[in-house]
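# Results of the structural survey
Each chain, written out:
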Amino acid sequence: MVGPAALDTLIAGGRPLDLRRDVWPLMAKEIGFGHYHELFHAHPERTALPWPEFVTAYDRLDWYSTEMTALITAAVPGREDRLDFEALDRPLQDLVFVTPEALRGHVRDHVARDVARREDAAHSADLGAFLALLSVYGQLPRLVAAGRLTARSVADGLDGWWHGFFSFLASGPPGFRLRQLLALSEAGLVRFLGADLRVGTDEATGTFTAASPTVPGHITHATALIEAYLPGPNLDRTRDPLLRRLYRAGALTEEVVDDPAHTHRSGRIRVDPEGGHVVDAVLGGPHPRRIALGAPTDSRAQAAFARPRTDAPAFRQNDAVARALLRSLNADQHTGPADHGGSPADLGVRVGG
């Protein structure tokens, strides 16, 4: 499972790591532990083995091994109680529908069942998985900082697949939004098109086209296309005047992960992992009086889902930054500001999220 000891082993190995191949199985096992711990303790009537027997076997098996599959199948009779990441990640995988109407009925049923499950205490194992998911997320910045992930894995695995999958599992639309979506679909105002969507244009009709292998041969035409994805961080194109000015002056540095096979420019602000001080190219290191916190920085997990009574990384980092600011202000009050390229007014924190 992916805890400090497992990370120490991965980092000490010295070889390039791929997130999906080398790290995700450990993450999945950790999340699975949270799920099954809650299931066995809160709903023991839906399990077929004593918890000590199950967890002893669970600890020694790899997540994707046939032995683990057999263990979970024997211990958890109900398929709906088993944790299936692949089904959660790609619920339409390998499904084909003859008509768009058949697809829409299937998706509406899937969404309705998801809403009912979220609101049913009988499925509290999902909460156990969620809490383990947050713990796993908080471990990843250390792995990134160690430079063990390949550049392609950071780009496609961490900032690509994992960020989207994590956001879906840990957040996703709230229940009332899903019910609104269902109502819009039932009214014919929203139509689900399928997985692996491909968008193109039809010059003859002057329309945009959309097609999916989920409904082979069906093409949807529309007169407008709205790209609604939330854009990622991008220092090159930021519209924030402060960030734009600092970046153009070399006072902010973009995170760049590269290796012989790939170069990944994440668009994130490089910060010192200990205190959040921005890396200043002019100074050649962390700026002593400029701090950036939040999602647009390369700390990544620091702003994620800080919950009460969890000693979340965001809380710890915010406390450390507050103490550092107070110490700096106190020192300036007694000795005057040091020669560090800024005045007392330059002491500041930038927070994004």
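Above this text is the structure in question.
Nothing here was measured: the structure is a model prediction, and the numbers come from that model.

### Description of the environment of Arg 179
- Within the secondary structure, Arg 179 sits in helix α9 (residues 175–186).
- Under the relative-accessibility criterion, Arg 179 is labelled partly exposed at 41%.
- A C-alpha to C-alpha distance of 31 Å links Arg 179 and Leu 158, two positions 21 residues apart in sequence.
- Ignoring sequence-local partners within four residues, the contact set of Arg 179 consists of Val 115 and Glu 119.
- At 2.7 Å, the side chain of Arg 179 forms a polar contact with the side chain of Glu 119.

### Quick notes on the packing of helix α2 (residues 19–42) against helix α8 (residues 151–170)
- The interhelical angle for the contact between α2 and α8, taken along N-to-C directions, is 35 degrees, at an axis separation of 11 Å. Both α2 and α8 take part in a crossing whose hand is right-handed. Here Leu 19, Arg 20, Trp 24 and Met 27 of α2 lie close against α8, whose contacting residues are Ser 153, Gly 157, Leu 158, Trp 161, Trp 162 and Phe 165.
- When the residues that make up the contact of α2 with α8 are grouped by side-chain class, the tally is 7 nonpolar, 2 polar and 1 charged.

### Examining a nonpolar patch on the surface
- A grouping of Leu 197, Val 199, Phe 208 and Leu 225 is seen on the molecular surface, where their side chains present a nonpolar patch of about 330 Å² in accessible area.
- With respect to the secondary-structure elements, Leu 225 resides in the loop between β3 (219–222) and α10 (241–248).

### Topic: the packing of aromatic side chains
- Summed over the entire model, instances satisfying the criterion amount to 20 aromatic pairs.
- Taken together, a centroid distance of 5.5 Å and an interplanar angle of 35 degrees make the contact between Phe 54 and Tyr 58 tilted. On the criterion of helical spacing, the pair formed by Phe 54 and Tyr 58 is a turn pair, its members being 4 residues apart in helix α3 (residues 51–60).
- Look at Tyr 58 and you get buried, because its relative accessible area is 1%.
- Between Phe 85 and Phe 165, the ring centres sit 6.4 Å apart and the planes meet at 75 degrees, which makes this aromatic pair edge-to-face.

Parameters and conventions
Residues numbered from 1 in each chain as written. Predicted model: local features only at pLDDT ≥ 70, side-chain atom pairs only at ≥ 80, totals over all residues. Heavy atoms only, no water. Helix = DSSP H or I, 4+ residues; strand = E, 2+ residues; numbered from the N terminus. Buried < 20%, exposed > 50% of the residue type's maximum accessible area, 1.4 Å probe, protein only. Contact = heavy atoms within 4.5 Å. Polar contact = N/O pair within 3.5 Å; in protein donor to acceptor, adjacent residues only side chain to side chain. Axes fitted to C-alpha atoms, helices over the stretch in contact; angles between N-to-C directions. Left-handed = near helix turned anticlockwise from the far one by under 90°. Nonpolar A, V, L, I, M, F, W, Y, C, P; charged D, E, K, R; others polar. Patch = residues over 30% accessible without salt bridge, like charges linked within 9 Å, V, L, I, M, F, W, Y side chains within 5 Å. Areas by Shrake-Rupley, 256 points an atom, 1.4 Å probe, with all protein chains shown as cover. Salt bridge = Lys/Arg side-chain N within 4 Å of Asp/Glu carboxyl O. Phe/Tyr/Trp six-rings, centres within 6.5 Å; stacked < 30°, edge-to-face > 60°.

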